Amino acid sequence: MHMQEKNERSGLVMWWRPIFTLWYFILECKTLLFINTVKLWHNKGKVLAFLMFLSMLVTMYNVEGSHQQYIQNTEKKVQWWLYWIILGIMSSVGLGTGLHTFVLYLGPFIAKVTLAAYECKSLDFPQPPYPDSIECPSSSTPGETSITLWSIMSKVRLEAMMWGVGTAIGELPPYFMARAAKLSDSEHDEDNEDIEEVLSIEEQEKINPNYAKELGILERTKVYMHDMVHKMGFFGILACASIPNPLFDLAGITCGHFLIPFWTFFGATLIGKAVIKMHIQQLVVIFAFSEQHVETFINMLKKIPQIGDKIGQPFRDYLLSQRAKLHKDSTSTETEAPWLGWVFEKLIMIMVIYFVISIINSFAQKYHKRLCMAKRKQPGAKLK
């Protein structure tokens, strides 16, 4: 029965059963709305206090006075921080189907600052328009005598750290789902299937010591990460969070299943993703887009037989046009290759569409799971 339900649920996706998937998605949204409304009603005291605090902030925001300049400065900073935090959440939330916002947003932002720093010979970009757009300082004297990797890292550290905080927050749903399943002693809960798979492998290894040699790389990685998190605790979680790790959801599920304290899990995840991993990613992007490495990359492209000039020259033209835009008084003609922008826009569109579809699929499967659990509790009930 359980395998039949699992197979039916795995087929509940937009490209196979679009009507049922959309209908279950709508029903799950209605269910979540009702559940959260009830929770808010049960905590109406806290909700009322929050609304009073919010109304006080709104009043301060709209009342004229000398404090308005501080509010405007704070508003811009908070909006900028929230922008990167939300992008970070979108990157990690969704059990492996998150939108890869580092590749689409943070990485290009760091690359753009790096290229501008070497072109302008300064990191003292005029504000505004920075950070919305970058222009070289109008002063003829460079703001800095030399541009170093560490100075560029300092320039983009806050944005990268806020994105890292968002990715840490996005790892919380697997932890809470596994913890809730453990506390409720629910049987055949899908949130624990990865744990059950790892535990089954460990049992087989006790019976047959050579069983590990028959496992694939993915299964071995799961077992290794599970053991590291379970046995090493904080430092195991920190190690898993400090490197690019597509299987980190398993760390959250493991921590939730074994009831590891919230602050142990979130603290290690926050330090790993927002401090250690963030600096590694910064180093990689800044190193790759430093002046000499960009030129080396373009020269390598141009050496590709037959298509080298067709690929390398448009990239060089695009780079020159971006450099020209950094100078307000520049009169150079733009030679930007239009197809590069078109390709990037379509790439973003495809990834956003896939992200939305993955959310619809996930919600629909979650509602199907609710129906199956209700059916097990009430044998006479039917799925509808």
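Counting restarts for each chain: residues are numbered from 1 in the order of the written sequence. It should be noted that, the model being predicted, local features are given only for residues of pLDDT at least 70 and side-chain atom pairs only at 80 or more, the latter also being counted only at that level, while totals for whole chains, interfaces and linings use all residues. Side-chain figures throughout are based on the complete set of non-hydrogen atoms in the structure, without hydrogens or water.

Here the idea is simple: oppositely charged side chains can pair when their charged atoms come close. Any carboxyl oxygen of Asp or Glu that lies within 4 Å of a side-chain nitrogen of Lys or Arg is treated as forming a salt bridge with it. All told, the structure shown has 2 salt bridges when counted by the stated rule. The partner of Arg370 in a salt bridge is Glu28, and the shortest N-O contact between them spans 2.8 Å. With Arg370 in helix α15 (residues 338-377) and Glu28 in helix α2 (residues 18-42), this pair connects stretches of sequence that are 342 residues apart. Between buried and exposed lies partly exposed: a residue is buried under 20% and exposed over 50% of the maximum accessible area for its type, with that area taken using a 1.4 Å probe on protein chains only. Judged by its relative accessible area of 28%, Arg370 is partly exposed. Residue Glu28 is classed as buried on the basis of its relative accessible area of 2%. Close ionic contact of Glu171 with Lys273 constitutes a salt bridge, the shortest N to O distance being 3.7 Å. With Glu171 in the loop between α6 (149-170) and α7 (172-184) and Lys273 in helix α12 (residues 262-288), this pair connects stretches of sequence that are 102 residues apart. Helix and strand assignments follow DSSP, with helices taken as H or I runs no shorter than four residues and strands as E runs no shorter than two, numbered in order from the N terminus.

What follows covers the packing of aromatic side chains. Working definition: an aromatic ring pair is given by the centre-to-centre distance plus the angle between the planes. Two aromatic rings, drawn from Phe, Tyr or Trp (for Trp, its six-membered ring), form a pair once their centres lie within 6.5 Å of each other, and the interplanar angle then sorts them: stacked below 30 degrees, edge-to-face above 60, tilted otherwise. Throughout the structure, instances matching the rule amount to 18 aromatic pairs. Measuring from centroid to centroid gives 5.9 Å for Trp80 and Phe109, while their planes differ by 65°, and the two rings are edge-to-face. Residue Trp80 is located in helix α4 (residues 68-92), and its partner Phe109 is located in helix α5 (residues 101-120); the two are separated by 29 residues in the primary sequence. Per residue, the accessibility class of Trp80 equals that of Phe109, and both read buried.

A word on a nonpolar patch on the surface. Residues Phe50, Leu51, Phe53, Leu54, Met56, Leu57, Val58 and Met60 make up a contiguous nonpolar surface patch of roughly 740 Å² in combined accessible area. Looking at the secondary structure, you find Met56 in helix α3 (residues 44-62). Residue classification places Met56 among the partly exposed residues on the basis of a relative accessible area of 42%. Note that patches include only residues with greater than 30% relative accessible area and no salt bridge, and the join distances are 9 Å for like charges and 5 Å for nonpolar side chains (Val, Leu, Ile, Met, Phe, Trp, Tyr). Note on areas: Shrake-Rupley, 1.4 Å probe, and residue coverage restricted to the protein chains presented here.

The tendency in soluble globular proteins is for nonpolar side chains to be buried as a group. Nonpolar core, defined: a set of buried Ala, Val, Leu, Ile, Met, Phe, Trp, Tyr and Cys residues in which side-chain atoms within 4.5 Å join the residues together. By size, the foremost hydrophobic cluster in this structure holds 29 residues, and its most contacted members are Trp84, Leu106, Phe109, Val113, Leu123, Phe125 and Ile152. For this core, the leading source of residues is α5, giving 10 residues. For this analysis, residues touch if any pair of their heavy atoms sits within 4.5 Å. Not counting chain neighbours up to four residues away, the residues in contact with Trp84 comprise Tyr105, Leu106, Phe109, Glu159, Met162 and Trp163. Formed by 16 residues, the second largest nonpolar core is a distinct cluster that contains Leu172, Val229, Phe248 and Phe266.

Its identity as a non-glycine residue notwithstanding, Lys121 has a phi of 60°, on the positive side. Looking at where Lys121 falls in the secondary structure, it is placed in the loop between α5 and α6. Given a relative accessible area of 43%, Lys121 falls into the partly exposed group.

The subject of this paragraph is the packing of α6 against α12. Axes here mean lines fitted to C-alpha atoms, for a helix over just the part in contact, with angles spanning 0 to 180 degrees between N-to-C directions. Put simply, α6 and α12 touch, their axes get as near as 8 Å, and they point 140° apart. Considering their axes alone, α6 and α12 lie oblique with respect to each other. The handedness of the crossing between α6 and α12 comes out as right-handed. For the contact of α6 with α12, the per-class residue count stands at 17 nonpolar, 6 polar and 2 charged. Geometric relationships in this document are graded by angle, where less than 35 degrees denotes roughly parallel, more than 145 denotes roughly antiparallel, 65 to 115 denotes roughly perpendicular, and other angles denote oblique. Each helix crossing is assigned a hand: it is left-handed if the near helix lies turned anticlockwise from the far helix by less than a right angle, otherwise right-handed if that turn is clockwise. Polar here means any residue other than Ala, Val, Leu, Ile, Met, Phe, Trp, Tyr, Cys and Pro, which are nonpolar, and Asp, Glu, Lys and Arg, which are charged; Gly is therefore polar.

This brings us to the state of the cysteines. Defined simply, a disulfide is a covalent bond joining two cysteines at their sulfur atoms. Here, two cysteine sulfur atoms that lie within 2.5 Å of each other are counted as a disulfide. Per the counting criterion, the structure on display carries 1 disulfide. Here Cys120 engages in a disulfide with Cys136; their sulfurs sit 1.8 Å apart. Between Cys120 and Cys136, the S-S dihedral sits near -75°, and the bridge is therefore left-handed. In this pair, Cys120 sits in helix α5 while Cys136 sits in the loop between α5 and α6, placing the two residues 16 residues apart along the sequence. With respect to class, Cys120 is no different from Cys136; both count as buried.

What follows deals with the confidence of the model for the chain. Mean pLDDT over the chain: 76, with 72% of residues reaching 70 or higher. Scored below 50 in pLDDT, residues 330-336 makes 10 contacts in the model with residues more than four places away or belonging to other chains. Every residue gets a pLDDT, meaning the predictor's confidence in that residue, from 0 to 100.

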